[in-house]
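These are the residues of each chain, in order.
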Amino acid sequence: MSMLNALRRPQLLIRAARHGAQEYRRDRHLQRLLGYGALPRPSAAIMRLMDIERTLDDQRRGNDAGYSLPRHVDVLIAMMGEAQLLRASQINQAT
């Protein structure tokens, strides 16, 4: 979780992702980003999403013609959604 908190991205990207995270649906969004099949646990999903996001951010910073802003926002939304699920499961395990 601390790795997520350490991310430094443009405020507009973060605000768009926070807004979208309110409508996050794991079965729909995560499968579109990671591929169809069995969904990984939230912690594994976050790690995979972080790898994808790192690549997208490198493309953004490098002004790569293949960079997709909507995909970047989608990945950030999924990361935030998965982090919320992970926090909720940790709270449930603690009680």
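Residues numbered from 1 in each chain as written. Predicted model: local features only at pLDDT ≥ 70, side-chain atom pairs only at ≥ 80, totals over all residues. Heavy atoms only, no water.

Turning our eyes to something else, we now look at the environment of proline 40. Summarising the element assignment, proline 40 is placed in the loop between helix H3 (26–34) and helix H4 (42–61). Proline 40 sits 45 residues away from leucine 85 along the chain, and the two C-alpha atoms are 12 Å apart. Not counting residues within four places of it along the chain, the set of residues in contact with proline 40 comprises Arg26, Leu30, Leu34, Ala45 and Arg48. (Helix = DSSP H or I, 4+ residues; strand = E, 2+ residues; numbered from the N terminus. Contact = heavy atoms within 4.5 Å.)

Quick look at the environment of isoleucine 46 now. Summarising the element assignment, isoleucine 46 is placed in helix H4. Overall, isoleucine 46 belongs to the buried group, its relative accessible area being 6%. (Buried < 20%, exposed > 50% of the residue type's maximum accessible area, 1.4 Å probe, protein only.)

Per the counting criterion, the structure on display carries seven salt bridges. With its nearest N and O atoms 3.4 Å apart, the salt bridge here joins arginine 9 to aspartate 57. Separated by 48 residues along the polypeptide, arginine 9 in the loop between helix H1 (2–6) and helix H2 (11–21) and aspartate 57 in helix H4 bring together distant segments of the chain. Aspartate 57 carries the same exposure label as arginine 9, and that label is buried. With a shortest N-O distance of 3.3 Å, arginine 32 and aspartate 74 are connected by a salt bridge. You can see arginine 32 sitting in helix H3 and its partner aspartate 74 sitting in helix H5 (residues 69–94), a full 42 residues away along the chain. Taken together, the shared-partner salt bridges connect Arg9, Glu53, Asp57, Arg60 and Arg61 into one network. (Salt bridge = Lys/Arg side-chain N within 4 Å of Asp/Glu carboxyl O.)

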